[in-house]
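# Structural overview for review
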Amino acid sequence: ASWLFLRMASSSTDLGIWEEAEAPFQGALAEARDPRSKVVILEWMGDFYIRQGRFIEAEETFLAELRLEESTWGESLAGANSEFQLGWVLRGEGRMNAAVEYFQQSLAIQEKLAPHSRAVSKSLKYLGIVALDRGELESAEHYFRTALKMEQELAPDGISVTGTLNNLGSVSLSRGDSDAAEDFFRQALDHERKFRPAGRVVVVILDNLGEVARARGDLAVANHLYLEALKLTEPLAPDMVEVAQTLHCLGLLALEQGDLEMAETRYQQAKRIVERVAPASMKLSQILADLGTVSARRGALPRAESYFRQSLALSQRLAPGSTQRAEALHLLALVLRKQGAAEPARRELARAMEILEAEVGQLGGSAEVKGAFRAEEGGIYRDAVRQEVELGQPREAF
């Protein structure tokens with residue numbers, strides 16, 4: 001009976017009939033007769049809640065799973081996996097400190113019971129992802145490189161190698177080092193296409209290569225890469241986060257080309273998907289900030305301010321020290337300045353600079369990389385100087 005209930009729930013989930021899956025999951029759990037069966041069902045239920053963005057239910061489910069594992073087997077790899085899942089859920093909720101704590105607890109058990117294993121490399125990778133979310137680029141690079149070395153030894157053909165190469169490219173792109181970023185993304189793409197030529201991961205890497213091209217001002221190449229990625233998403237579910245990412249990238253490109261109507265259309269399409277599948281994410285924060293930019297360019301300043309404040313409320317919870325947050329503060333300051341609110345604009349610019357200076361200390365890399373990062377964000381510093389001069393504060397401007 002438990003087995004049949006679980007298959008009913010699984011079939012409903014695969015068909016996207018979410019409302020018909022929950023009762024069979026509960027039935028499977030009620031009929032289960034041994035701890036191992038209950039652990040399997042709870043794990044499936046946790047994933048079911050995650051896929052719907054129901055993080056509170058997912059957290060409760062994985063906590064129940066962890067308590068059962070600890071009472072049955074004590075310290076175990078199954079328990080470590082539940083702690084990893086809890087870290088993943090808490091990251092989705094934006095509770096980064098708690099997420100790191102669970103990931104680290106999971107890693108400690110895995111290193112003790114199964115050192116040099118794929119479980120260890122997975123925990124290292126996700127600690128790197130949280131560090132990247134927070135803008136702690138030196139720590140992120142350390143975690144990713146350690147994970148990559150282990151993955152290349154354990155499963156050189158695996159998808160995990162692709163993912164970590166892609167993550168290292170994202171670290172380089174965040175530093176403003178487009179050459180290193182492209183090299184990592186190309187390695188990831190070549191590796192993935194050898195084994196899975198048209199999957200979801202290829203879509204992500206093509207989008208990232210498009211971002212490199214866009215950062216260099218090569219808009220034609222960026223457009224080609226984004227459209228190639230969008231074509232690969234056609235057979236996928238329309239509400240997948242990869243589809244939203246590609247739509248967002250096309251919006252960024254339209255904005256750079258001055259097509260505000262197309263930019264807003266693409267951003268709104270991406271926003272609708274992300275609000276369903278990842279409502280507490282930095283991706284949604286970025287899309288809101290970009291919608292603010294479109295509104296500001298149209299002269300709709302109150303609407304722009306509203307978008308920027310929504311974006312900042314989310315990034316304050318998820319990644320208060322990220323470059324993305326600093327850039328949103330800068331954009332908000334420009335809108336406030338245009339509305340005649342000089343002192344609030346000055347305050348937001350000061351907060352943006354504090355974030356940037358803190359991030360320079362966590363970049364890692366060479367002095368040239370740090371200089372390039374500051375140059376990339378130079379508009380924030382220039383606008384802060386201008387604001388101080390206009391407020392009659394030459395010492396602060398200096």
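Below you will find a few notes about this structure. (Residues numbered from 1 in each chain as written. Predicted model: local features only at pLDDT ≥ 70, side-chain atom pairs only at ≥ 80, totals over all residues. Heavy atoms only, no water.)

## A closer look at the overall build of the protein
This is how the line gets drawn: Note on conventions: DSSP H or I runs of at least 4 residues are helices, E runs of at least 2 residues are strands, and numbering of each starts at the N terminus. Just to be clear, the radius of gyration here is over C-alpha atoms, and the globule rule we use is 2.2 Å times residues to the power 0.38. Note on contacts: a residue pair qualifies if any of its non-hydrogen atoms lie within 4.5 Å across the two residues. To be clear on the numbers: accessible area is Shrake-Rupley with a 1.4 Å probe, and residue cover counts the displayed protein chains and nothing else. We treat Lys and Arg as the positive residues and Asp and Glu as the negative residues; His and chain ends play no part in the count. Where a charge lies is defined by one atom per residue type: Lys uses NZ, Arg uses CZ, Asp uses CG and Glu uses CD.
Along the backbone of the protein there are 21 helices and zero strands. Its C-alpha atoms give the protein a radius of gyration of 23 Å, within 12% of the compact-globule value 21 Å for 398 residues. If you line up the protein on its principal axes, its C-alpha atoms span 75 × 40 × 40 Å. A fraction of 57% describes how many contacts in the protein between residues 6 or more apart in sequence connect residues 24 or more apart. Entry remark: accessible area of the protein is about 18,300 Å², with carbon and sulfur atoms responsible for 53%. Where the 46 positive side-chain charges of the protein centre and where its 59 negative ones centre are 2 Å apart.

## Here we look at the packing of aromatic side chains
The cut-off we apply is this: Only the six-membered ring of Trp is used, alongside the rings of Phe and Tyr, when aromatic pairs are assigned; centres must lie within 6.5 Å, and planes under 30 degrees apart are stacked while those over 60 apart are edge-to-face, with the rest tilted. Three exposure classes are used, based on accessible area relative to the maximum for each residue type with a 1.4 Å probe and protein chains only: buried under 20%, partly exposed in between, and exposed over 50%.
Evaluation of the coordinates by the stated rule reveals seven aromatic pairs. Seen from their ring centres, F48 and Y49 are 5.3 Å apart, and the 55° between their planes marks the pair as tilted. Judged by relative accessible area, which is 4%, Y49 ranks as buried. In this structure an aromatic cluster arises from ring pairing among W18, F25, F48 and Y49.

## Here we look at the nonpolar core
In a soluble, globular protein the nonpolar side chains are often hidden away together inside. Rules: In plain words, nonpolar cores are sets of buried Ala, Val, Leu, Ile, Met, Phe, Trp, Tyr and Cys residues tied together by side-chain atoms within 4.5 Å.
Ranked by internal contacts, the top residues of the largest apolar core, which has 87 residues, are F25, F103, F144 and Y267. The dominant element in this core, judged by the number of residues it contributes, is helix α13 (residues 241-256), at nine residues. Residues contacting Y267, with those up to four places away along its chain left out, are H248, G251, L252, L255, I287, D290, L291 and V294. Core analysis: the next-biggest nonpolar cluster, separate from the first, contains 20 residues, L312, L329, V335 and L336 among them.

## Some points on the pattern of salt bridges
Where we set the bar: One speaks of a salt bridge when a side-chain nitrogen belonging to Lys or Arg is within 4 Å of a carboxyl oxygen belonging to Asp or Glu.
Summed over the entire model, instances satisfying the criterion amount to 27 salt bridges. Put simply, R214 and E211 hold a salt bridge, and the shortest N to O gap is 2.9 Å. Taken together, the residues span about one helical turn, with R214 and E211 both in helix α11 (residues 200-215) at a distance of three residues. The closest approach of N and O atoms between D383 and R386, which form a salt bridge, is 3.2 Å. Residue D383 and its partner R386 are both found in helix α20 (residues 378-390); the two are separated by three residues, about one turn of the helix. Given the relative accessible area of 36%, R386 is considered partly exposed.

## Regarding the side chain of T293
Relative to the helices and strands, T293 resides in helix α15 (residues 282-297). For T293, the contacting residues outside a window of four places in its chain are L255, F308 and L331.

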